[in-house]
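Architecture at a glance
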Amino acid sequence: MRGKRRAPRPPLPWRSPWTPVVCVAGVVAASALVAVSFLVKEVVLVVDGERRPVHAFGGTVEEVLAAAGVTMAYGDVVRPSAQEEVRDGATIEVRRARPLTLTLDGHTSKHLVTASNVGEALAELDITPAAGRLSAPPGDAVPLEGMELTVYTRRKVYVVAGTTRLTSRTTARTVRQVLRQKRVELRRGYHVDPPLDSFPEDGTVITIVPPRATQIDPATARLDWRALAECESHGDPRAYNPDGPYYGMYQFSLPMWQAVGGMGLPSNWPEDEQTYRAQLLYQKVGGRWRGQWPNCGDRLFGRATVTALRR
């Protein structure tokens with residue numbers, strides 16, 4: 001008996017005429033994926049301190065930034081440089097420029113800074129505001145559109161009024177503010193140099209000169225003021241008598257000193273100022289010296305006159 005005939009075997013797919021083409025295409029695609037995976041780089045992009053990871057296809061920093069939509073403007077800083085090749089795992093930092101109008105101790109200038117806050121901007125400009133005064137706190141942001149910033153550093157200035165010399169470490173904007181801080185009260189007509197509204201630079205000497213609007217008549221000036229001072233205080237411009245109290249060469253009380261335009265203590269002023277105020281007082285009371293200098297006033301008139309007055 002003859003054996004049964006076997007059914008024909010179905011054609012195998014790989015034996016299809018298109019099989020070689022499909023296989024080649026698959027190999028090409030796989031190779032392309034492998035090549036692309038080698039071209040893509042993992043990069044960290046830091047823009048004004050904000051970090052974000054990006055997949056970079058570009059070969060240079062400039063190309064990576066362009067692909068990430070980051071544009072560069074005048075004054076911006078990028079590290080590494082724009083033309084440098086990018087490696088996988090690299091970090092690219094961009095700091096964008098900001099206009100800053102700075103007024104430092106009264107002087108205004110314009111700058112471009114890449115700092116994102118006030119403290120960093122001052123450090124970038126090499127300004128140390130320690131113990132100074134700022135118009136904005138160090139932690140405040142510097143916006144991209146820019147800002148105005150005022151800084152007053154602590155300066156050393158001097159106040160001279162007669163023989164009084166005061167030292168002030170100040171952030172004051174004007175001479176007037178310095179005098180207020182030192183509690184120096186000005187009377188009408190006093191001359192201040194430099195002017196009250198001027199800016200006190202470091203090392204400024206502020207001089208206060210009392211007014212001398214009233215002229216001393218020649219007869220008063222010819223009196224023996226040295227003899228009066230010798231009798232009252234032994235001619236010591238810094239003399240002090242607690243009984244009054246009385247001060248200076250002519251032993252002024254404070255009310256009398258102030259009545260003739262004196263400022264502060266009489267003993268804090270030089271001899272010529274004390275003498276001028278004593279002569280002014282003599283004129284103000286019409287020559288009635290006994291009420292002011294009862295024990296020594298007769299010395300104004302010389303020895304012969306004193307002898308006559310005492311008879």
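Residues numbered from 1 in each chain as written. Predicted model: local features only at pLDDT ≥ 70, side-chain atom pairs only at ≥ 80, totals over all residues. Heavy atoms only, no water.

**Structural notes on helix H8 (residues 271-284)**
Helical periodicity: at 3.6 residues per turn, an α-helix aligns residues three or four positions apart in one direction. Here H8 contains 14 residues, and its C-alpha end-to-end distance of 20 Å stays within 8% of the 20 Å for a straight helix at 1.5 Å per residue. Taken across its 14 residues, H8 has 10 buried, putting it largely inside the fold. Of the positions making up H8, those classed as buried are Glu273, Gln274, Thr275, Tyr276, Arg277, Ala278, Gln279, Leu280, Leu281 and Tyr282. Tucked into the core, H8 has its buried residues touching helix H5 (218-221), helix H6 (225-233) and helix H7 (254-259). (Helix = DSSP H or I, 4+ residues; strand = E, 2+ residues; numbered from the N terminus. Expected span 1.5 Å × (residues − 1). Buried < 20%, exposed > 50% of the residue type's maximum accessible area, 1.4 Å probe, protein only. Contact = heavy atoms within 4.5 Å.)

**Observations regarding the side chain of Arg155**
Among the structural elements, Arg155 can be located in strand E9 (residues 155-161). With near-sequence residues (within four places) excluded, Arg155 lies in contact with Asp105, Ser168, Arg169, Thr170, Thr171, Ala172, Phe199, Pro200, Glu201 and Asp202.

**Examining the pattern of salt bridges**
Taken as a whole and assessed by the stated rule, the structure comprises 10 salt bridges. With a shortest N-O distance of 3.0 Å, Arg176 and Asp197 are connected by a salt bridge. Placement of Arg176 in helix H4 (residues 175-181) and of Asp197 in the loop between strand E11 (191-193) and strand E12 (205-209) is noted, with a sequence separation of 21 residues between them. Arg212 serves as the salt-bridge partner of Glu273, at 2.9 Å between the closest nitrogen and oxygen. Of the two residues, Glu273 is situated in helix H8 and Arg212 in the loop between E12 and H5; the sequence distance between them amounts to 61 residues. What emerges from the salt-bridge pattern is a single network uniting Arg212, Asp272, Glu273 and Arg277. (Salt bridge = Lys/Arg side-chain N within 4 Å of Asp/Glu carboxyl O.)

**Things to note about the state of the cysteines**
Evaluation of the coordinates by the stated rule reveals one disulfide. Here Cys231 pairs with Cys296 through a disulfide, and the sulfurs are 2.0 Å apart. One disulfide, between Cys231 and Cys296, carries an S-S torsion of -65° and so falls in the left-handed class. With a gap of 65 residues between them, Cys231 in helix H6 and Cys296 in the loop between H8 and helix H9 (302-310) connect regions that are remote in the sequence. (Disulfide = S-S within 2.5 Å.)

**Quick notes on the sheet that holds strand E8 (residues 147-152)**
Across the sheet, four strands lie side by side as E6-E5-E8-E7; this open sheet has mixed pairing. This sheet does not close on itself; its edge strands, each paired only once, are strand E6 (107-113) and strand E7 (133-134). (Pairing = 2+ DSSP bridges.)

**Concerning the environment of Arg155**
Classification of Arg155 by relative accessible area gives buried; the value is 3%. Each C-alpha atom of the pair Arg155 and Asp202 lies 4.7 Å from the other, and the pair is 47 residues apart in sequence. Within the structure, the side chain of Arg155 is placed 3.3 Å from the backbone oxygen of Thr171, a separation counted as a polar contact. Engagement of the side chain of Arg155 in a polar contact is seen with the backbone oxygen of Pro200, the distance being 2.6 Å. (Polar contact = N/O pair within 3.5 Å; in protein donor to acceptor, adjacent residues only side chain to side chain.)

**With respect to the confidence of the model for the protein chain**
Overall, the prediction assigns the protein chain a mean pLDDT of 85, with 85% of residues at 70 or greater. When pLDDT is averaged over each element of the protein chain, H6 comes out on top at 97 and helix H1 (residues 19-39) at the bottom at 43. The low-confidence segment residues 12-16 (pLDDT under 50) makes two contacts with residues lying over four places distant or belonging to another chain. Contacts from residues 18-38, a stretch scored under 50 in pLDDT, to residues over four places away or in other chains number three contacts. (pLDDT = per-residue confidence, 0-100.)

**Remarks on H6**
For H6, the full list of buried residues reads Trp225, Leu228, Ala229 and Ser233. Viewed along the axis of H6, the buried residues span an arc of 95°, placing them on a single side of the element. Residues of H6 that are buried make contact with H5 and H8. His234, located one to two residues past H6, shows a positive phi value of around 60°. (Arc of directions from axis to C-beta.)

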